[in-house]
Amino acid sequence: MISTRLQFVACLLASFLAMPASGEETVTKLLEKAKSLVDIDDARAPGVTTSGEPVVDPLREMQSNAIKEQSAPWGHWGSNPKKYSTWTNHSNRMVPLYAFGYTLNDLREKGSLYSNPERMKEHFGRVDEESLNPNANYYDQVDVYDLQMAAVKSGKRHVILVVYDGMDWPTTRAAALYHNQSNRYDSGRGTGLIFQDYRGTKTDFTFLVTTPFASSAKIDVNSQTITAPSNDSTGGYSPDRGGRMPWHEQSRRDYVIGQDRLVPHTVADSAATATSLMSGVKTYNGSINVMPDGSHAVPIARKLQADGFRVGAVTSVPVSHATPASAYANNVIRQDYQDITRDLVGLPSSSHRQEPLPGLDLLIGGGWGEGTGEDKSQGDNFLKGNKYFHESDRDALKKNYKAGKPNSYVVAERTEGESGVDVLKTATEKAIKEEARLLGFFGTKGGHLPFQTADGNFNPTFDVKGTERYTRADVVENPTVSDMTQSALDFLSAPQKGSDEKSDFWLMVEAGDVDWANHANNLDSSIGAVFSGNDAFGTIVNWVEENDAWDDTAVFVTSDHGHFLVIENVDAISDAAQKAAAANR
């Protein structure tokens, strides 16, 4: 059976992806093994039009053929242009930052971290000569934290951080090429996507370095301690090797993936980078707001919550994955999912045993339906069952719920036979009416929302992880990240008892499936994921405009790290979109 084969392939490739990348030879061997086990032509058909005709989807075909042939004239993932897939990990490419309702003048006045030896020493413990650049006009992710705090200090009452996990400049450009059906730019901010084009308020744009403090630290997950501190930093960014701007061709591509022996700057993971975005510090890969010396960083959500802000996190992937985790929790290792979720909802955890954190006011995301018998990375207190958010913890929240009771949650979960949008909307309305908190827990196999493809369908084709397949129920019973964002805005902004004014709030929205698609080297799913996040950004803009709230609102759109897509023929992507549009009218 094809499904059995695909499950085996997925397990085979997942084992590779869980290991440190070791070059194209390993990737190639795994892909050859995968091709021998799966008939790509037997993958799920893309569907039919309303008239009953088969949907024409050239981009899906491009992706399928690229994996099948392991070669594509239009592009590749990795440093070898002769093979389609030779790198499935992150890169240290710079990522974009878009600001709305607030400018980046604070950054320009302060100057780049990479032009300031004192600031470099503060964050890295050293001044790295390869990174020091007196003319640097790019910034660092720690600056995004500072920007959010500055926006609040300036009087902004609604601060929204949108994180496209894994989206670098080439990823954004690929999505814009498909959307525009033409090549309209080759540098700069870009055009075509809402967050590129929106001019309904003051807006600004720059690029960020995504490096961590160090690659790892020796930890004890049970005691939540650092057993061997990372005293020596390996982070940094060399503009000579990585490019002074993201559209500059890298002459030393081994550097981009951390394999330059002369300048081996560590490539960041999502935990260290999200910690920088939300706590303004540098730490080791895998850390959720824990510093290299073992001390806890306090993320912006907790600081603002203490000042009376409502705070929330929305994600298209499991609620305890690195980005939503870093919005609020503390943990020495990102894989300690169950304890991280306990931090997120105010239950006792391994890192806050005696004094649990207050908990987010709102948490909506994936992880539903997952179960496992063991997970050694989560320590001795791991409970069999859902590894992301254990059933007993959810049951405790449900049992303790009472209308009007402080810090109790209305819980909305994926429900058989019911629309996910309706389930979430009903719970949102109830939480607002009963002055409760809101938890939304959804997903399909793997814990994430169904992956949207570039044409708006939910039928991803084969990639280095296998093939995702969804039932109609998977799509109907889950809301989209845009739906989740709408509920979050409605809930967090609802006036407090006795007030007619919108509440102050901080919200993080993550389009996490961009990262999953890029890890899988799936261009079709990557573009679809960017579009999903673009829809969520559109929902934010609509909410701000409907409430005439730009004077009170600052929105920052960015990414946590890059990947390694190289587009060799931009016209191929735009032509695929043209052909699809013409054939499916």
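Everything quoted here is computed from the prediction, not taken from an experiment.

Draft legend 1. Expanded view of the packing of helix 6 (residues 142-153) against helix 11 (residues 270-279). In contact at an axis separation of 5 Å, helix 6 and helix 11 are set at 25 degrees when each is read in the N-to-C sense. In terms of orientation, helix 6 and helix 11 fall into the roughly parallel class. Both helix 6 and helix 11 take part in a crossing whose hand is right-handed. For the pair helix 6 and helix 11, contact is made by Val142, Val144, Tyr145 and Gln148 and by Ser276, Leu277, Met278 and Ser279, respectively. When the residues that make up the contact of helix 6 with helix 11 are grouped by side-chain class, the tally is five nonpolar, three polar and no charged.

Draft legend 2. Summary view of the environment of Leu449. On the secondary structure map, Leu449 appears in the loop between strand 11 (437-441) and helix 17 (472-476). For the pair Leu449 and Gly512, spaced 63 residues apart in the sequence, the C-alpha separation amounts to 9.5 Å. For Leu449, the residues in contact, after removing those within four places along its chain, are Ser316, Phe442, Gly443, Thr444, Asn478, Pro479, Thr480, Val481 and Met484.

Draft legend 3. Quick look at the packing of helix 3 (residues 58-69) against helix 20 (residues 523-546). At a minimum axis separation of 8 Å, helix 3 and helix 20 run at an interaxial angle of 135 degrees. Between helix 3 and helix 20, the interaxial angle falls into the category oblique. Contact residues: Leu59, Arg60 and Gln63 in helix 3; Leu523, Asp524 and Ile527 in helix 20. In the contact of helix 3 with helix 20, the residues fall into three nonpolar, one polar and two charged.

Draft legend 4. Looking closely at the pattern of salt bridges. Under the definition given, this model contains 21 salt bridges. For Asp128, the salt bridge is made with Arg126, and the minimal N-O distance between the two is 3.8 Å. The salt bridge involving Arg157 is made with Asp552; its shortest N-O contact spans 3.7 Å. Of this pair, Arg157 sits in the loop between helix 6 and strand 4 (158-164) while Asp552 sits in the loop between helix 20 and strand 13 (553-558), placing them 395 residues apart in sequence. Using a relative accessible area of 25% as the deciding quantity, one classes Asp552 as partly exposed.

Draft legend 5. Layout of helix 14 (residues 337-344). Most of helix 14 is tucked away: eight of the eight residues are buried. Residues of helix 14 that are buried: Tyr337, Gln338, Asp339, Ile340, Thr341, Arg342, Asp343 and Leu344. One or two positions beyond helix 14, positive phi appears at Gly346, with a value near 80 degrees.

Draft legend 6. Structural context of the side chain of His563. Take His563: it is sitting in the loop between strand 13 and strand 14 (565-567). Those residues within four positions of His563 in sequence are excluded, and the remaining contacts are Trp77, Asn89, His90, Ser91, Arg93, Gly166, Asp168, Asp515, Asn518 and His519.

Draft legend 7. Highlighting the packing of aromatic side chains. Throughout the structure, instances matching the rule amount to 22 aromatic pairs. Ring geometry for Tyr98 and Phe205: centres 4.9 Å apart, planes at 45 degrees, overall tilted. In this pair, Tyr98 is assigned in strand 2 (residues 95-100) and Phe205 in strand 5 (residues 203-209), connecting sequence segments 107 residues apart. By the burial criterion, Tyr98 is buried, and Phe205 matches it. Ring geometry for Phe195 versus Phe537: centroids 6.4 Å apart, planes at 85 degrees, classification edge-to-face. Of this pair, Phe195 sits in helix 8 (residues 194-197) while Phe537 sits in helix 20, placing them 342 residues apart in sequence. In terms of burial, Phe195 and Phe537 fall into one category: buried. Counting every residue linked through ring pairs, the aromatic cluster contains Tyr98, Phe100, Tyr164, Trp169, Tyr185, Phe195, Tyr198, Phe205, Phe207, Trp247, Phe537 and Trp550. A cation sits over an aromatic face here: Arg310 above Phe491, 5.5 Å from the ring centre.

What counts, and at which threshold
- Residues numbered from 1 in each chain as written.
- Predicted model: local features only at pLDDT ≥ 70, side-chain atom pairs only at ≥ 80, totals over all residues.
- Heavy atoms only, no water.
- Axes fitted to C-alpha atoms, helices over the stretch in contact; angles between N-to-C directions.
- Helix = DSSP H or I, 4+ residues; strand = E, 2+ residues; numbered from the N terminus.
- Parallel < 35°, antiparallel > 145°, perpendicular 65-115°, else oblique.
- Left-handed = near helix turned anticlockwise from the far one by under 90°.
- Contact = heavy atoms within 4.5 Å.
- Nonpolar A, V, L, I, M, F, W, Y, C, P; charged D, E, K, R; others polar.
- Salt bridge = Lys/Arg side-chain N within 4 Å of Asp/Glu carboxyl O.
- Buried < 20%, exposed > 50% of the residue type's maximum accessible area, 1.4 Å probe, protein only.
- Phe/Tyr/Trp six-rings, centres within 6.5 Å; stacked < 30°, edge-to-face > 60°.
- Lys NZ or Arg CZ within 6 Å of the ring centre and 35° of its normal.

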